[in-house]
Amino acid sequence: MDVTPGPRRRVAVLVSGRGSNMMALAEACREPSFPAEIALVLSNRPDAGALERAAKLGIETAVVDHKAFDSRLAFEDAVHDRLVDAKIDIICLAGFMRILSGSFVGRWQGKMLNVHPSLLPSFPGLDTHARALEAGVRLHGCTVHIVTPELDAGPIVVQAAIPVFNRDTPESLATRLITEEHRCYVVGLRLMAAGRLTLEGERVLIDRDEEMAGPSDVLRFPDTGQG
Ligand code: GAR
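Below: a short report on this structure.

Reading the values: the criteria
Residues numbered from 1 in each chain as written. Predicted model: local features only at pLDDT ≥ 70, side-chain atom pairs only at ≥ 80, totals over all residues. Heavy atoms only, no water. Axes fitted to C-alpha atoms, helices over the stretch in contact; angles between N-to-C directions. Helix = DSSP H or I, 4+ residues; strand = E, 2+ residues; numbered from the N terminus. Left-handed = near helix turned anticlockwise from the far one by under 90°. Contact = heavy atoms within 4.5 Å. Nonpolar A, V, L, I, M, F, W, Y, C, P; charged D, E, K, R; others polar. Salt bridge = Lys/Arg side-chain N within 4 Å of Asp/Glu carboxyl O. Buried < 20%, exposed > 50% of the residue type's maximum accessible area, 1.4 Å probe, protein only.

Quick look at the packing of helix α5 (residues 128-135) against helix α6 (residues 170-193) now. Interhelical geometry of α5 versus α6 gives an angle of 115° and a closest axis separation of 8 Å. Between α5 and α6 lies a crossing of right-handed hand. In this structure, α5 uses His129, Ala130 and Leu133 to contact α6, whose residues at the interface are Pro170, Leu173, Ala174 and Leu177. Taken together, the residues of the contact of α5 with α6 break down into six nonpolar, one polar and no charged.

Below is the structure:
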């Protein structure tokens, strides 16, 4: 993976909606020892609530409206140029609801994270909470993964699980899961920005020490101490 340790990595958060994951990342980046900073929040939707929230924090924002372009590739070229202008090292997709082409993903290979509201590889795509309920799973969850051309299928970095109760609805699952998403995304970005992720085939190996695991208990979930 190309992201190496060093000064704070410049992160672009790509959003389409309210931006609660973006806010969680921005909050984490306020800690001086965090290895990344949010240099840009970019939305394909001019009305995304995330833009106003980012601007209030003094974070630079940009809109690249996909409707203004004739093709996906033209839209993606404009996004790419904006990211290069901002000297971005790492992209975090946070509720960014446009599918990215293989060519865009290839340009940012190993440098792009996504948060997805299911325990991948179960339930890629949309309506994950309703589909988890229909399937009768006892554990639902979220996944932070490295983005590859196949939708919601890249190597897994961090996951957290929540129990599914009889009374649960898609809404109640979404409400309980979002705080886990925030925790997982902060851990995932910290690890990537600190250069602690190595790809071995489809697997991500995490190089970590007590200091890295300390601020969050998310890593205890997959950490058996045998890694
Ligand atoms: C989050 O639940 C995220 O996992 C989901 O959109 C929501 C965005 O919320 N992303 C996807 O479904 C992508 N496949 P937010 O705007 O409050 O961060």
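All told, the structure shown has nine salt bridges when counted by the stated rule. Between Arg190 and Glu31 there is a salt bridge; the shortest N-O distance is 3.6 Å. Of this pair, Arg190 sits in helix α6 while Glu31 sits in the loop between α1 (20-29) and β2 (36-43), and the two are 159 residues apart along the sequence. Residue classification places Arg190 among the buried residues on the basis of a relative accessible area of 9%. The class for Glu31 is partly exposed, based on a relative accessible area of 34%. With its nearest N and O atoms 2.7 Å apart, the salt bridge here joins Glu60 to Arg82. Here Glu60, found in the loop between α2 (49-56) and β3 (61-63), pairs with Arg82, found in helix α3 (residues 72-85); they are 22 residues apart in sequence, far enough to count as distant. On the basis of relative accessibility, which here comes to 42%, the residue Glu60 falls in the partly exposed class.

Trans peptide bonds make up the majority, and among non-glycine residues the majority have a negative phi. In this model, Leu120 is joined to Pro121 through a cis peptide bond whose omega is 10°. By secondary structure assignment, the location of Pro121 is in the loop between β5 (112-116) and α5. Even without a glycine there, the phi angle at Lys87 is positive, about 55°. Note on placement: Lys87 falls in the loop between α3 and β4 (90-93). Of note in the backbone geometry, Asp152 takes a positive phi value of approximately 50° without being a glycine.

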